[in-house]
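Geometric and topological summary
Each chain, written out:
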Amino acid sequence: DKGRKIYAHNRMLWAACGRLQGENIQSFDLGGVDFVHTPGVAHFKVGMGGEMYQLDGEFLRASIF
């Protein structure tokens, strides 16, 4: 709960994105986007401007770069 209150997940994803771009990684799958149970994380993932996609039997996902 404390981590959610300080948006720790967003910070970790942001740091990972910067590092991966520095390594010339071409894509990064941010994983599932759940607007119901984790709306803050979902908002962050959508705000990254990546491509949203859904595979059969999976939740909505986001991929960036």
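Here the structure is shown first, and the text comes after it.
Once a new chain begins, its residue numbering starts again from 1 and follows that chain's sequence as written. Selection of residues for local features in this predicted model requires a pLDDT of at least 70, selection of side-chain atom pairs for listing and counting requires 80 or more, and totals for whole chains, interfaces and linings are taken over all residues. Values reported for side chains reflect all heavy atoms of the structure, with hydrogen atoms and water molecules removed beforehand.

Here's the deal with the environment of L30
Put simply, the rule reads: In this description a helix means any DSSP run of H or I spanning at least four residues, a strand means any run of E spanning at least two, and both kinds are numbered starting from the N terminus. The classification of residues rests on relative accessible area computed with a 1.4 Å probe and restricted to protein chains. Under 20% of the type maximum is buried, over 50% is exposed, and intermediate values are partly exposed. For this analysis, residues touch if any pair of their heavy atoms sits within 4.5 Å.
Tracing the sequence through the fold places L30 in strand 1 (residues 28-32). For L30, a relative accessible area of 7% corresponds to the buried category. If near-sequence neighbours (up to four positions away) are discounted, L30 is found in contact with L13, K45, M48, A62, S63 and I64.

With respect to the packing of helix 2 (residues 8-22) against helix 3 (residues 39-47)
Condition: Angles shown run from 0 to 180 degrees and are taken between the N-to-C directions of axes, each axis being a line fitted to C-alpha atoms and, for helices, limited to the stretch in contact. Orientation categories follow fixed angle ranges, with anything under 35 degrees roughly parallel, anything over 145 roughly antiparallel, 65 to 115 roughly perpendicular, and all other angles oblique. For any pair of crossing helices, the crossing counts as left-handed if the nearer helix is rotated counterclockwise from the farther one by less than a right angle, and right-handed if it is rotated clockwise. Each residue is assigned to one of three groups, with Ala, Val, Leu, Ile, Met, Phe, Trp, Tyr, Cys and Pro labelled nonpolar, Asp, Glu, Lys and Arg labelled charged, and all others, Gly among them, labelled polar.
At a minimum axis distance of 9 Å, the contact between helix 2 and helix 3 shows a crossing angle of 25 degrees. Considering their axes alone, helix 2 and helix 3 lie roughly parallel with respect to each other. Judged by the sense of rotation from one axis to the other, the crossing of helix 2 with helix 3 is right-handed. The residues of helix 3 that touch helix 2, namely those facing H9, N10, L13 and W14, are G40, V41, F44 and K45. Of the residues assigned to the contact of helix 2 with helix 3, the class counts are 4 nonpolar, 3 polar and 1 charged.

Points about the packing of aromatic side chains
Quick reminder of the rule: Think of it this way: a Phe, Tyr or Trp ring, Trp meaning its six-membered ring, pairs with another when their centres are within 6.5 Å, and the plane angle makes it stacked under 30 degrees, edge-to-face over 60, tilted otherwise.
In the structure shown here, the tally under the stated rule is 1 aromatic pair. Look at W14 and F44: their rings are 6.5 Å apart centre to centre, the planes differ by 75 degrees, and that puts the pair in the edge-to-face class. Here W14 is found in helix 2, whereas its partner F44 is found in helix 3, with 30 residues between them in sequence. Residue W14 is classed as exposed on the basis of its relative accessible area of 52%. F44 sits in the buried class, given a relative accessible area of 15%.

Brief notes about the sheet that holds strand 3 (residues 61-64)
Heads up, the rule is: By definition, two strands form a pair when at least two bridges between them are found by DSSP.
Sheet architecture is open: 3 strands sit in the order 1-3-2, paired in antiparallel fashion. Looking at strand neighbours, the two that pair on one side only are strand 1 and strand 2 (51-53), the edges of this open sheet. When the angles between neighbouring strand axes are averaged without regard to direction, this sheet yields 25 degrees. Across 3 bridges, the pairing between strand 2 and strand 3 is antiparallel. Residue pairing across strands places M52 opposite A62, the latter belonging to strand 3. Most of the contacts of helix 2 go to strand 1, to which it runs at about 160 degrees, and overall it touches strand 1 and strand 3.

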